[in-house]
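# Remarks on the overall topology
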Amino acid sequence: MKSGKTGIYELDEDEEGFPRLTAVVPKELASGFINNKRETYKFRFDKCFDQPASQDEVFQHVAQPVIDNVLAGYNGTIFAYGQTGSGKTFTITGGAERYVDRGIIPRSLSYIFSKMESSPGLTYTFHISYLEIYNENGYDLLNPKHEAAKLEDLPKVTLLEDSDQNIHLKNLTVHQANTEEEALNLLFLGDTNRMIAETPMNQASSRSHCIFTIHIVSRETGSATIRRSKLHLVDLAGSERVSKTGVNGQILTEAKYINLSLHYLEQVIVALSEKNRQHVPYRNSLMTSVLRDSLGGNCMTTMIATCSMEKKNMDESISTCRFAQRVAMIRNDVMVNEELDPKLLIMKLRQENKDLRDQLALATGEQLQDELTEDDIQWCEDAVQRYLEDSDPHSYLSLGPDLRKIQACFKIMKMRILQRPAPVQPQPIPQPESTPDVGPYSKTELKKLKDLLLQRDNEINILII
């Protein structure tokens, strides 16, 4: 919130414990769309920040949860809505004088790179785009020709829609940033190129909507699954009525375009908040077309409503709070954006195709016609060598279903066996001739004993008969 001579407002909690803003508009100050019979307006929000709130406090409560989800693979959007001078650009981009005044965008870049460095198991790719929508025309704030040309001379960013109704932006460049410094340099370049007009309402009033988009691709090391997510950080132009701008001519035309695009944004919000609404008018403006995925799509969306609590601006602040509450009624269905890396998928399919051909050849007994390459033969040599050197008796030679490699490995093993020198056979030690040991009897005496034994056997047989 920003204020000069403040009106009457109070920040407290309602009966359910939710933060609440209460604005009091005395009858004599009521004008425009405010009902003269009503003096007190109460609005409940997820979080309310009073004027002393720091940029770091806003970032921790608003942006940090969204960024954590983006790093997990979900899309996220943070956009600031409010009248000119209420603090939108200061909240989103920040002040240039003090480091502590950094806004959500530079703090988000620092936070994302710190999280990436603390995740060694993941590989990240980081890209940035910066789109400006001025008088319903899109321009690339990071176009390399920007410094040498007027905004109107640059190629206009146009919308393209594919068969799946996905929006693509032609002529919008996307720049890779490998470090936090490179990302901040891109932000500085875009902010420098952003068109600023001096109006009686605010001498630094932005006349356009700006969408700073961070594209993140992450993958676990060794995995074929990648996650693609994006974070939109949107600084909308001021939402005040044309009668309050005090301008005419070209700047009056700009104010009309700004309010018209915000009107279309409000139409989309109202349509999304109505459950039975069949048609949502995304195509009415360039901004709602670009933010189509963020509003009612696969995206976690957070809105920052900035209010100027000066007495003369209370009616605008109440209108902003009403719009914010309509935005809060939208419910998006979000999911992780996962897909297989096309390059790794092609490699995987090629390997599966090769394995199937090998298995088919092995099952049918048909030899593949392709001969093994020198690399294949060397692979077989190394596989056989590792197998022979392995002392584990339970090890095996894994060759897959390729019959050519199986035969090649058998051939290599046979050649190694044939080339192995024959082992030297040990010569037998000659032994001296020895006579059987017959104890104390000589051969003659032994023969006499055998004859005697035979004679005694004959005598026993005669007696038995």
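First things first, this report covers the structure right here in the doc. These figures come from a predicted structure and were not determined experimentally.

Cut-offs used in this document
- Throughout, a residue's number is its position along its own chain's written sequence, starting from 1.
- At least 70 in pLDDT is required for a residue's local features to be given in this predicted model, at least 80 for side-chain atom pairs to be given and counted, and no such filter applies to totals for whole chains, interfaces and linings, which use all residues.
- Here the side-chain values reflect all heavy atoms present in the structure, with hydrogen atoms and water set aside.
- The criterion is simple. A nonpolar core is a set of buried Ala, Val, Leu, Ile, Met, Phe, Trp, Tyr and Cys residues joined through side-chain atoms within 4.5 Å.
- Each residue gets one of three labels from its accessible area relative to the maximum for its type: buried under 20%, exposed over 50%, partly exposed in between, using a 1.4 Å probe on protein chains only.
- Runs of E in the DSSP output that reach at least two residues are strands. Runs of H or I that reach at least four are helices, and both are numbered from the N terminus.
- Domain start and stop positions are those given by an automatic or database domain assignment.
- Between two residues, a contact is recorded if the distance between any of their heavy atoms is within 4.5 Å.
- In this analysis, a patch consists of residues with relative accessible area above 30% that form no salt bridge, clustered at 9 Å for like charges and at 5 Å for the nonpolar side chains Val, Leu, Ile, Met, Phe, Trp and Tyr.
- Here the accessible surface of atoms and residues is derived via Shrake-Rupley with a 1.4 Å probe, and residues count as covered only by protein chains that are part of the display.
- When a carboxyl oxygen of Asp or Glu lies within 4 Å of a side-chain nitrogen of Lys or Arg, that pair is called a salt bridge.
- Only protein atoms enter the 1 Å grid, on which a cavity is a set of points fitting a 1.4 Å probe that cannot get out and a pocket is an open set with protein on both sides within 12 Å along at least 5 of 7 lines, lining residues being those with an atom within 4 Å of a point.
- Grid points are joined across faces, edges and corners, and a volume is the space filled by probe spheres set on the points.
- Put simply, Ala, Val, Leu, Ile, Met, Phe, Trp, Tyr, Cys and Pro go in the nonpolar bin, Asp, Glu, Lys and Arg in the charged bin, and everything else, Gly too, in the polar bin.

## As for the nonpolar core
Of all hydrophobic cores here, the largest spans 40 residues; its most connected members are Leu236, Leu265 and Leu295. Elements represented by at least two residues in this core include exactly β2 (19-24), β3 (40-44), β4 (76-82), β5 (122-134), α6 (249-273), α7 (286-290) and α8 (314-328). Here this core gathers at least three residues from each of two domains, domain 1 (1-48) and domain 2 (49-340). Other than its neighbours up to four places away in sequence, Leu236 contacts Phe79, Ala80, Tyr81, Lys88, Ser208, His209, Leu262, Leu265 and Met287.

## Considerations on a nonpolar patch on the surface
Residues Leu340, Leu345 and Leu349 make up a contiguous nonpolar surface patch of about 240 Å² in total accessible area. By the element assignment, Leu340 lies in strand β15 (residues 338-340).

## Brief notes about empty space enclosed by the protein
Throughout the structure, instances matching the rule amount to two cavities of 30 Å³ or more. When its volume is computed, the second largest cavity comes out at roughly 40 Å³. Every residue lining the second largest cavity is listed: Ile133, Tyr134, Asn135, Glu136, Arg207, Ser208, His209, Tyr257, Ile258 and Ser261. Where the lining of the second largest cavity is concerned, the elements lending two or more residues are β5 and α6. When residues of the lining of the second largest cavity are assigned to their parent elements, the largest contribution, three residues, is made by α6. Looking at the lining of the second largest cavity residue by residue, the classes come out as four nonpolar, four polar and two charged.

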